[in-house]
Amino acid sequence: MRSASIDRKTKETDIRGSIRVDGRGKYEISTGIRFFDHMLELFAKHGGFDLKLKAKGDLDVDQHHTVEDVGIVLGQLISKALGDRKGINRAGYFVMPMDETLAVVAVDLSGRPALVYDDKVKVRLIGDLQTELAEDFFGGFVNHAAANLHAKVLYGRSNHHKIEAIFKCFARALRYACSKDRRLKDQLPSTKGLL
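Computed from a predicted model, the values in this text were never measured in an experiment.

**Topic: the overall build of the protein chain**
When you go through the protein chain residue by residue, the secondary structure sums to four helices and 10 strands. Its helices and strands in sequence order give the protein chain the pattern β-β-β-α-β-α-β-β-β-β-β-α-β-α, from N to C terminus. Computed over the C-alpha atoms, the radius of gyration of the protein chain is 16 Å, within 12% of the 16 Å expected from 2.2 N^0.38 for a compact globule of 195 residues. C-alpha atoms of the protein chain, sized along the principal axes, occupy 45 × 40 × 30 Å. Scored against the burial criterion, the 195 residues of the protein chain give a buried share of 52%. Of the contacts made within the protein chain by residues no fewer than 6 positions apart, 77% connect residues no fewer than 24 positions apart. Split by element, the accessible area of the protein chain, about 9,600 Å² in all, is 48% carbon and sulfur. If you average the places of the 32 positive and of the 26 negative side-chain charges in the protein chain, the two averages end up 8 Å apart.

**A look at the pattern of salt bridges**
Under the criterion given, the structure shown has 12 salt bridges. We note a salt bridge from Glu164 to Lys168, for which the minimum N-O separation is 3.0 Å. Of the two residues, Glu164 and Lys168 are both situated in helix H4 (residues 159-178); the distance of four residues between them amounts to about one turn of the helix. We note that Glu164, like Lys168, is buried. Connected through shared salt-bridge partners, Arg34, Asp37 and Glu41 make up one network.

**Digging into the packing of helix H1 (residues 34-47) against H4**
The N-to-C vectors of H1 and H4 enclose an angle of 35 degrees; their axes lie 8 Å apart at closest approach. When the axes of H1 and H4 are compared, the crossing they make is right-handed. Within the contact between the two elements, H1 uses Phe35, Phe36, His38, Met39, Leu40, Leu42, Phe43, His46 and Gly47 and H4 uses His160, Ile163, Glu164, Phe167, Lys168, Phe170, Ala171, Arg172, Leu174 and Arg175. Along the lines of polarity and charge, the residues of the contact of H1 with H4 split into 11 nonpolar, four polar and four charged.

Criteria and cut-off values
Residues numbered from 1 in each chain as written. Predicted model: local features only at pLDDT ≥ 70, side-chain atom pairs only at ≥ 80, totals over all residues. Heavy atoms only, no water. Helix = DSSP H or I, 4+ residues; strand = E, 2+ residues; numbered from the N terminus. Rg over C-alpha atoms; globule rule 2.2 N^0.38 Å. Buried < 20%, exposed > 50% of the residue type's maximum accessible area, 1.4 Å probe, protein only. Contact = heavy atoms within 4.5 Å. Areas by Shrake-Rupley, 256 points an atom, 1.4 Å probe, with all protein chains shown as cover. Lys, Arg positive; Asp, Glu negative; His and termini not counted. Charge placed at Lys NZ, Arg CZ, Asp CG, Glu CD. Salt bridge = Lys/Arg side-chain N within 4 Å of Asp/Glu carboxyl O. Axes fitted to C-alpha atoms, helices over the stretch in contact; angles between N-to-C directions. Left-handed = near helix turned anticlockwise from the far one by under 90°. Nonpolar A, V, L, I, M, F, W, Y, C, P; charged D, E, K, R; others polar.

The structure is reproduced here in structure tokens:
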């Protein structure tokens with residue numbers, strides 16, 4: 001069973017998380033930022049990941065530490081749960097229509113962190129989430145999952161739909177990248193022999 005648990009405590013945040021990669025999309029999430037919780041719930045549901053995440057952060061200062069650190073923990077959870085990564089597909093992508101919005105996300109669990117992000121959001125807040133922090137969440141994720149992630153909204157009107165489409169795409173692209181191919185069960189998906 002590919003699963004992991006992590007407790008991460010800093011002066012700014014205290015985060016407890018667990019994931020089961022081959023789950024059923026069950027979740028228990030609490031970050032203190034309700035819109036962010038909603039996006040993480042969508043991530044779990046659309047990825048088929050069982051995710052428990054409880055974060056306490058210095059929200060009286062700003063949301064930045066909490067959002068970025070949740071990304072860090074999620075990246076660590078994925079990396080730990082996948083272990084040596086033998087037999088995984090490694091890369092995946094998804095295109096998600098969210099009503100009038102269209103987004104695409106591609107992910108490669110390559111061992112090399114990189115992020116290209118363009119959500120086309122034009123407001124400071126969606127619900128109670130500071131929108132600029134979505135990019136920081138994904139930055140935390142890629143640096144600690146050792147992954148390439150490209151996320152782009154192609155077009156759309158609703159800023160809510162733009163962020164939602166990206167999180168759903170991210171979940172489905174990651175779900176495929178994490179999934180195993182029986183033909184490759186004892187192999188790393190790399191000509192270098194390492195990830």
